[in-house]
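What follows is each chain in one-letter form.
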Protein chains: 2
Amino acid sequence: MPAITPLTATDEQLAAVRYNADGLVTAIAQDVHTRSVLMLAWMNAETLAMTLAEGRMVYWSRSRQEVWRKGDTSGDRQFVRDAFYDCDGDALLFLVEQEGKGACHTGEYSCFFRRFGDDA
Amino acid sequence: MPAITPLTATDEQLAAVRYNADGLVTAIAQDVHTRSVLMLAWMNAETLAMTLAEGRMVYWSRSRQEVWRKGDTSGDRQFVRDAFYDCDGDALLFLVEQEGKGACHTGEYSCFFRRFGDDA
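Q: Can you help me understand the side chain of D86 of chain B in this one?
A: Among the secondary structure elements, D86 of chain B is positioned in the loop between strand 5 (78–85) and strand 6 (91–98). Polar side-chain contacts of D86 of chain B include one of 2.8 Å to the backbone nitrogen of G89 of chain B. Setting aside residues no more than four positions away along its own chain, D86 of chain B makes contact with C111, F112 and R114 of chain A together with A91 of chain B.

The following block contains the structure:
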């Protein structure tokens, strides 16, 4: 199993995160090795705190309205290697070590596997 | 000036994009050369069509509620080199050639220049 590396954010850093009306912020997961963008999902303050504390990506599932500890079911966990917030605090970027077959529930490595314009 | 490369998406591809209640979809811009994630912003159907047709990133500014043709003011345009939509169609990924000093209005190259945990 990849190493677990918790991150300790400062209060100031956490206060810079801006949540939307639903209490959510966008979170991008990028493969730390290949630099492929793996997926975009959402976190609330609770799952952001869990992500940093556990060193594992924990999202908020909007469809199921529940904590989504990525990989608990599939085994395809994402271990946090670096974490950033953007200039206006409403987007997060995580560099992760992707475990297993990939990030996507379809079996693809990245959720962004469909290209515009291929058939054009 | 970097080359302009319009993309012609099929009707099926465009129909796979799912917009939220405000008619918007998240759009990630990633540097095609360095693979750095530059920014996350939003598009509506109109600005997605403009982005593909013009080969330049055109966002929808939620704060100004207007078409935001990235770089028209700053000169820091983003030229599209590849474009993807994710497995459930509610996030877009663009590989871009970033012009000028970078993507961020602060003068940083990427909007994700603030790291969690540095001071911890």
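Q: How do you make sense of the sheet that holds strand 7 (residues 114–115) of chain A when you look at a structure like this?
A: Each strand in a sheet pairs with another by means of backbone hydrogen bonds, the pair being arranged parallel or else antiparallel. Strands sit in the order 7(A)-5(B)-6(B)-1(B)-2(B) across an open sheet of 5 strands; the sheet is mixed. Single-partner strands in this sheet number two, and they are strand 7 of chain A together with strand 2 (37–43) of chain B. With 7 bridges connecting them, strand 5 of chain B and strand 6 of chain B associate as antiparallel partners. Looking at strand 6 of chain B, one finds that Y85 of chain B is bridged to L92 of chain B. Here helix 2 (residues 45–54) of chain B sits on the sheet and contacts strand 2, strand 5 and strand 6 of chain B; the angle it forms with strand 6 of chain B, its principal contact strand, is near 40°.

Q: Explain the interface of chain B and chain A to me, please; I cannot follow it from the model alone.
A: Quoted interface sizes are often the accessible area lost when the parts come together. Contacts between chain B and chain A engage 42 residues on the former and 43 residues on the latter. Across the chain B to chain A interface the summed buried area is about 3600 Å²; carbon plus sulfur atoms make up 65%. Three residues stand out in chain B for area buried against chain A, namely F112, R114 and F116 of chain B, and they jointly supply 25% of the buried area on that side. Inspection of the chain B/chain A interface yields 4 salt bridges. The salt bridge involving D82 of chain B is made with R115 of chain A; its shortest N-O contact spans 2.8 Å. If you look at where chain B meets chain A, you find 20 residue pairs in polar contact (both at pLDDT 80 or more). For the side of chain B that touches chain A, the secondary-structure elements that each account for two or more residues are helix 1 (11–15), strand 1 (25–31), strand 2, helix 2, strand 5, strand 6 and strand 7 (114–115) of chain B. In terms of residue count, the dominant contributor to the side of chain B that touches chain A is strand 5 of chain B (4 residues). Here the residues of the side of chain B that touches chain A sort into 23 nonpolar, 9 polar and 10 charged.

Q: Explanation requested: the sheet that holds strand 6 (residues 91–98) of chain A in the structure shown.
A: As summarised here, the arrangement of the 5 strands in space is 2(A)-1(A)-6(A)-5(A)-7(B), forming an open sheet in which the pairing is mixed. Sheet topology places strand 2 (37–43) of chain A together with strand 7 of chain B at the edges, where each strand pairs with a single neighbour. Sitting on the sheet, helix 2 (residues 45–54) of chain A is in contact with strand 2, strand 5 (78–85) and strand 6 of chain A, with an inclination near 40° to strand 6 of chain A.

Q: Which parts of the structure should I look at to understand the pairing of strand 5 of chain A?
A: Looking along a regular strand, one sees side chains alternate from face to face of the sheet. The buried fraction of strand 5 of chain A amounts to 7 of the 8 residues, a majority that puts the element mostly inside the structure. Between strand 5 of chain A and strand 6 of chain A, which pair antiparallel in sequence order, lie 5 residues; one of them, G89 of chain A, sits at a positive phi of approximately 75°. Sheet topology note: the strand 5 of chain A/strand 7 of chain B ladder contains 2 bridges and is antiparallel. When the bridges of strand 7 of chain B are listed, Y85 of chain A appears paired with R114 of chain B.

Q: Help me out: how do you make sense of the pairing of strand 2 of chain A in this one?
A: Counting buried residues along strand 2 of chain A, 7 of its 7 residues qualify, which places the element largely inside the surrounding structure. In textbook terms, the turn of a hairpin is the stretch between consecutive antiparallel strands, and for strand 1 (residues 25–31) of chain A and strand 2 of chain A this stretch comprises 5 residues, one of which, R35 of chain A, has a positive phi near 65°.

Q: Teacher, can you tell me more about the packing of aromatic side chains here?
A: Two measures describe an aromatic ring pair: the distance that separates the ring centres and the angle between the ring planes. Counting across every chain of the model gives 5 aromatic pairs over all chains. An angle of 45° between the planes, with centres 6.4 Å apart, marks the rings of W42 of chain A and W42 of chain B as tilted. Within this pair, whereas W42 of chain A is found in strand 2, its partner W42 of chain B is found in strand 2, the two belonging to separate chains. Judged by its relative accessible area of 9%, W42 of chain B is buried.

Q: Would you mind going over the nonpolar core with me for this structure?
A: Nonpolar side chains in soluble globular proteins tend to end up buried together. Judged by nonpolar contacts, the single largest core of 25 residues is most densely connected at F116 of chain A together with M43, L92 and F94 of chain B. Looking at this core, the elements with two or more residues in it are strand 1, strand 2, helix 2, strand 5 and strand 6 of chain B. Broken down by element, this core gets its largest block of residues, 4 residues, from strand 2 of chain B.

Calculation notes
- Each chain carries its own residue numbering, running from 1 in the written order of its sequence.
- Chains carry letters from A onward and ligands carry numbers from 1 onward, assigned in written order.
- Thresholds applied to this predicted model are a pLDDT of at least 70 for local features of residues and 80 or more for the giving and counting of side-chain atom pairs; totals over whole chains, interfaces and linings are not thresholded and use all residues.
- Computation of side-chain values covers all heavy atoms of the structure but excludes hydrogens and water.
- For the purposes of this entry, the term helix denotes a DSSP run of H or I that reaches at least four residues, the term strand denotes a run of E that reaches at least two, and both are numbered from the N terminus.
- Under this definition, polar contacts are N or O atom pairs within 3.5 Å; protein pairs additionally need one hydrogen-donor-capable and one acceptor-capable atom, and for neighbouring residues in sequence, both atoms have to be side-chain atoms.
- Here, two residues are considered to be in contact whenever any of their heavy atoms come within 4.5 Å of each other.
- At least two DSSP bridges between two strands are needed for those strands to be called paired.
- Lines are fitted to the C-alpha atoms to define the axes, a helix being fitted only along its stretch in contact, and any angle between axes, read from their N-to-C directions, falls within 0 to 180 degrees.
- Accessible area that two parts lose when put together, with a 1.4 Å probe and added across both, is what the buried area reports.
- Any Lys or Arg side-chain nitrogen found within 4 Å of a carboxyl oxygen on Asp or Glu counts as a salt bridge.
- Lys, Arg, Asp and Glu make up the charged group, whereas Ala, Val, Leu, Ile, Met, Phe, Trp, Tyr, Cys and Pro make up the nonpolar group; the residues left over, Gly among them, are polar.
- Three exposure classes are used, based on accessible area relative to the maximum for each residue type with a 1.4 Å probe and protein chains only: buried under 20%, partly exposed in between, and exposed over 50%.
- Two rings belonging to Phe, Tyr or Trp (six-membered ring only in the last case) form a pair when the distance between their centres is within 6.5 Å. Interplanar angles under 30 degrees mark stacking, angles over 60 mark edge-to-face geometry, and anything in between is tilted.
- To define a nonpolar core, start from buried Ala, Val, Leu, Ile, Met, Phe, Trp, Tyr and Cys residues and group those joined through side-chain atoms within 4.5 Å.

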